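Examination of the molecular architecture
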Amino acid sequence: MPDIEMRAVYAETLIALAERDPRIVLLEADLMRASGTGVFQKRFPQRTFNVGVAEANMVSIAAGLAAEGKIPFADTFACFAGRRDYDQFFISANYARLSVHLVGTDPGITATYNGGTHMPFEDMGNMRHIPGLTVFEPSDPVSLRALVARSAELDGCSYMRLHRRPAPALYPTGEEFELGKGKVLEDGRDVAIFAIGALMVHEALAARTLLAQDGVAAAVIDLHTLKPIDAELVVRFARKTGAVVTCENHQVRGGLGSAVAEVLGEVFPCRMKRIGVQDEFGEVGDLPYLQKRYGLTASDIRDTIREFLSRNGN
Amino acid sequence: MDPSELQFLRNIAKEIRKRTIDSIGRLGVGHIGGALSVVEVLTVLYYRHMRVWPDQPRHPERDRLVLSKGHAGPALYSVLAMKGFFPEDWLHTLNRGGTRLPSHADRNRTPGIDMSTGSLGQGLSAAIGMALAARLDNASHTIYAIIGDGESDEGQVWEAAMAAAHFKLNRLIAFTDANKMQIDGYVRDIMNVEDLPAKWQAFGWFTQRVDGHDIAALDQAIIAARGEPSRPSMIIMDTIKGKGAHFAEGRLDNHNMAFDYATALEAIRRLDEQTD
């Protein structure tokens, strides 16, 4: 099956939701071309609001719509969603207990040629600090479809990172998903790899194959929901393997690695290694260059895990 | 408006003022300046123009108000109490731990508050969202919003200004409480925002400027705004920060001011003595 463009799936899903529920509305800040939601606008022109390059305005407007019972999805690049409109999302939407669904596209290094000004490595960390917020990053078109639908049902806000590019399906069509419940893609007993997002779940699966060649059986868990984290699943695989690794297209600080460390540190302290971007800004490049540059390839994961396991007496 | 109606509204304004001074005075500190400068516009809105149902604070047909300068909450609470949204003795609990009446307007704590505000610059955008929803629903209620002149330093206010005009939100009527002061000094000295009418006009709004304590003038301006067919409306109100409280009126330090209850009672006594 060919890879499917994630952003096209997002737009289709919104349209399908909007067909059934008249409360669904869409907001854009002059990046409709980037999010691919022009098809939604064509179908529902009255329910689409493009506010131009004004992200803060967009988010507070979305809050006003939510106050009137609408279910707004507001899109922009993740670098802007995570920083530029943060106070508006924090106060107008979350503090006011309104249900606004903010979508940040082009997560982490997938911003490629837009470079460091557009490369969000801290958005998940920022979002995790908002009380009660659901934060997630789907890894494939199937889970994307399901999780967007689930988020629209929430009593509260959500932040979703959207990988725009084509991605292979990792799950069978129609697979069910719940926000806050991770999915075990592959079982294993030597090390548990918790990954989030299309890029790093894919790389984790590839790393698992490389590790198998060395006789290391790695479990790969798609922890698509960063908040609320599936603590039970984390602890279960920590107990099973005694070695936990996290992989994210994000800084190792504040996102998945931190969330998992918080759980393990208090519930089941265990050897742990966080893979992701270090304390650095982004830069331009194509995806292969950037993956190598920031240590986000399958072989980086394999090398890190091998070193980690040997250093820790394996 | 005939003279007896005008007198009625003046009395209402006095009662709102008294309750605002009283509620803040019981606590001993609060945003007395910016609350007192919006007393007249709240009077005219709630007693002359806004359809509200005190026993159904979220009635779908109600007119909405976003108090974007959310720190003026105490004045709005006084109005809502008088209108019967909640018992008047709630006013005694202003800002106390666990209260239903916090310093900044909160839609989840207080019946009759349509939007949570307090981080300046966001309320007008929220009001736009409400107006867009009203249009989607073919509703005919009006959305009012009150912003401050100091608040107009915030860039988001101008994002909202652009958008409301672009979307032709004629059911959105906003007020700028131009009380000429912000926290660190006069607006003209800290960050000048004038010429306000020229700005709003240039942004495509139907713009008026009135004495913000002149009830009849406010009423006329709102009537004109409600008749505007295709543009949002902005009514710039020239007001006095702290108006009506002898200890606060016109003082640069009255944004968030400490005063004891005896002082509050004296201010109330003076208001009662006035014949207007």
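About the criteria used
- Residues numbered from 1 in each chain as written.
- Chains lettered and ligands numbered in written order.
- Predicted model: local features only at pLDDT ≥ 70, side-chain atom pairs only at ≥ 80, totals over all residues.
- Helix = DSSP H or I, 4+ residues; strand = E, 2+ residues; numbered from the N terminus.
- Buried ≥ 20, exposed ≤ 12 C-beta atoms within 10 Å, placed from the backbone.
- Contact = placed C-beta atoms within 7 Å.
- Domains from an automatic or database assignment.
- Nonpolar A, V, L, I, M, F, W, Y, C, P; charged D, E, K, R; others polar.
- Axes fitted to C-alpha atoms, helices over the stretch in contact; angles between N-to-C directions.
- Parallel < 35°, antiparallel > 145°, perpendicular 65-115°, else oblique.
- Left-handed = near helix turned anticlockwise from the far one by under 90°.
- Expected span 1.5 Å × (residues − 1).

Quick look at the environment of Gly204(B)
Residues and elements named next belong to chain B. Mapped onto the fold, Gly204 is located in the loop between α8 (196-202) and β5 (206-211). Its 16 C-beta neighbours within 10 Å are what place Gly204 among the partly exposed residues. Ignoring sequence-local partners within four residues, the contact set of Gly204 consists of Ala165 and Arg231.

Comments concerning the domain arrangement of chain A
Residue and element names in this part refer to chain A. Split by domain assignment, chain A resolves into domain 1 (4-167) and domain 2 (183-311). Distance from the C-alpha centre of domain 1 to the C-alpha centre of domain 2: 25 Å. With 29 residues of domain 1 at the contact, the number on the domain 2 side is 29 residues. Class assignment for the residues of the side of domain 1 that touches domain 2 results in 14 nonpolar, ten polar and five charged.

Looking at the packing of helix α3 (residues 39-49) of chain B against helix α4 (residues 73-83) of chain B
All names here are of chain B. In contact at an axis separation of 10 Å, α3 and α4 are set at 30° when each is read in the N-to-C sense. With respect to their mutual orientation, α3 and α4 come out roughly parallel. Crossing hand, α3 versus α4: right-handed. Here Val39, Leu42 and Tyr46 of α3 come into contact with α4, specifically with Ala75, Leu76, Val79 and Lys83. For the contact of α3 with α4, a count of residues per class yields six nonpolar, no polar and one charged.

Some details on the interface of chain A and chain B
Listed by partner, the interface residues are 23 residues for chain A and 20 residues for chain B. Listed by contribution, the elements that provide at least two residues to the side of chain A that touches chain B are α4 (55-67) and α6 (86-95) of chain A. Examining the composition of the side of chain A that touches chain B, we find that nine residues originate from one element, α4(A), more than from any other. Grouping the constituent residues of the side of chain A that touches chain B by class yields twelve nonpolar, six polar and five charged.

Observations concerning unusual backbone geometry
Omega for the peptide link from Lys227(A) to Pro228(A) comes to 0°, which places this bond in the cis form. Summarising the element assignment, Pro228(A) is placed in the loop between β12 (225-227) and α10 (231-241). The omega torsion across Glu194(B) and Asp195(B) is 20°, close enough to zero to call that bond cis. Its location among the elements puts Asp195(B) in the loop between α7 (187-190) and α8. Positive phi values are uncommon outside glycine, yet Asp30(A) reaches one of about 65°. Topologically, Asp30(A) is positioned in the loop between β2 (24-28) and α2 (32-35).

Comments concerning helix α8 (residues 141-152) of chain A
Residue and element names in this part refer to chain A. Helix length check: α8 (twelve residues) gives 17 Å between terminal C-alpha atoms against 16 Å at 1.5 Å per residue, within 8%. By the criterion of burial, α8 is predominantly enclosed, with ten of the twelve residues buried. Within the span of α8, buried status applies to Pro141, Val142, Ser143, Leu144, Arg145, Ala146, Leu147, Val148, Ser151 and Ala152.

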